[in-house]
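One-letter residues, chain by chain:
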2 protein chains.
Amino acid sequence: MIYTVQQFAKMFGVTEHTVRYYTDIGILPCLRDEGNRRVFNEESVNWMQGITCLKGCGASIDDIKEYCRLCHLPESEENMRARYKIMLNQREQAYRHIDEAKAVAKYMDDKVKHYEDIFRGKNSRRHKSLPLDG
Amino acid sequence: MIYTVQQFAKMFGVTEHTVRYYTDIGILPCLRDEGNRRVFNEESVNWMQGITCLKGCGASIDDIKEYCRLCHLPESEENMRARYKIMLNQREQAYRHIDEAKAVAKYMDDKVKHYEDIFRGKNSRRHKSLPLDG
DNA sequence: TAGAAAGTTCGAGTTACACGAAGTCAAGTG
DNA sequence: CACTTGACTTCGTGTAACTCGAACTTTCTA
């Protein structure tokens, strides 16, 4: 399967600008057709998945560049260890994000319930003061 | 309890710059002492918690400004409904974030295992091709 | 063959801070 | 009392990662 910029962007829910940006800075591989247009294949898809996940972990573009650089070097023991270490760290961030997101969701649940109590005429503020309600 | 900028920033794990920025754009309330220095109290703490969570949901500064604006208006039925709606939407984002973070964590788990297999001499690439490994 | 659609590069704009400069002010030290 | 220290102030520029628009070229479709 091969894809145009447009198809590829839609596939990952990002703008075409972003896709071009990633290819320009060298973290997303693509081929070119006779008219110099970007062409994306399965390899591009795999890399884009990786980029998306690393970004999801909180990695910066520079972090991702560094990982890409390592992936293009010969696969020495040292190199693989370096890649592994990056992935370990990023995985840790991912788990941290789950916890943070859960805490945020809990807070929002409380807020939502607070408003629903008010609409029900309970006026819970008399019992418990919650932030951000005026 | 009252806090200086420094104490308050440390409390929430942000820089003093960020705290000042929030007060300057009017989303974080604070008092001033005789020397015109910012003084934070429990109300500030509550607002900062709310801001942190809204940001965690993905709300922009402008979104937060809008919510703050509503909180400073008289508490009409309409106003409360508007605030409620914002919180409902943001809660949805929070739950979406949990799912996304879980998916990312799973991907990273696979990558980490992939590398561990290689170190163990399995060379799993012969069986399964994973992205971002060169 | 004309015109729309989709692509190209390039450069400026945006968000949410991050940081440094220059100055104020109160407390502690010699 | 002068001086340093340190935390604070405002103001203004810098940064990351896009985001958008302009101006142009190429390819597809009627």
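Everything numeric in this text was worked out from a predicted model, so none of it was measured.

1. Examining the protein's contact with DNA strand C
Part 1 of the reasoning: Around DNA strand C, 17 residues are found, and the nearest of them are Arg20 and Arg38 of chain A together with His17, Thr18 and Tyr22 of chain B.
Part 2 of the reasoning: The sugar-phosphate portion of DNA strand C accounts for 79% of its atoms within 4 Å of the protein, the bases making up the rest.
Part 3 of the reasoning: Separating a phosphate oxygen of DNA strand C from a backbone N or O atom of arginine 38 of chain A is a distance of 2.6 Å.
Part 4 of the reasoning: In this structure, a phosphate oxygen belonging to DNA strand C sits 3.3 Å away from a side-chain N or O atom of threonine 15 of chain B.

2. Focus: the protein's contact with DNA strand D
Part 1 of the reasoning: In the vicinity of DNA strand D lie 18 residues, with His17, Tyr22 and Ser60 of chain A together with Arg20 and Arg38 of chain B positioned nearest.
Part 2 of the reasoning: Taken together, the sugar and phosphate atoms account for 79% of what DNA strand D places within 4 Å of the protein.
Part 3 of the reasoning: Side-chain polar atom of histidine 17 of chain A to a base nitrogen of DNA strand D: 3.3 Å apart, as the coordinates give it.
Part 4 of the reasoning: Within the side chain of threonine 4 of chain B, a nitrogen or oxygen atom sits 3.3 Å from a phosphate oxygen of DNA strand D.
Part 5 of the reasoning: Elements supplying a minimum of two residues to the surface near DNA strand D: helix H2 (16-24) of chain A together with helix H1 (5-12) and helix H2 (16-24) of chain B.

3. Overview of the packing of helix H4 (residues 61-71) of chain A against helix H5 (residues 77-119) of chain A
Residue and element names in this part refer to chain A.
Part 1 of the reasoning: Packing of H4 against H5 brings their axes to within 10 Å, and their N-to-C directions diverge by 150°. By the angle class used here, H4 and H5 are roughly antiparallel. Seen from above, H4 lies across H5 with left-handed handedness. For the pair formed by H4 and H5, the contact residues are Tyr67, Leu70 and Cys71 on the first element and Asn79, Ala82, Arg83, Ile86 and Met87 on the second.
Part 2 of the reasoning: The residue inventory of the contact of H4 with H5, partitioned by class, reads 6 nonpolar, 1 polar and 1 charged.

Definitions and cut-offs
Residues numbered from 1 in each chain as written. Chains lettered and ligands numbered in written order. Predicted model: local features only at pLDDT ≥ 70, side-chain atom pairs only at ≥ 80, totals over all residues. Heavy atoms only, no water. Near = heavy atom within 4 Å. Polar contact = N/O pair within 3.5 Å; in protein donor to acceptor, adjacent residues only side chain to side chain. Helix = DSSP H or I, 4+ residues; strand = E, 2+ residues; numbered from the N terminus. Axes fitted to C-alpha atoms, helices over the stretch in contact; angles between N-to-C directions. Parallel < 35°, antiparallel > 145°, perpendicular 65-115°, else oblique. Left-handed = near helix turned anticlockwise from the far one by under 90°. Contact = heavy atoms within 4.5 Å. Nonpolar A, V, L, I, M, F, W, Y, C, P; charged D, E, K, R; others polar.

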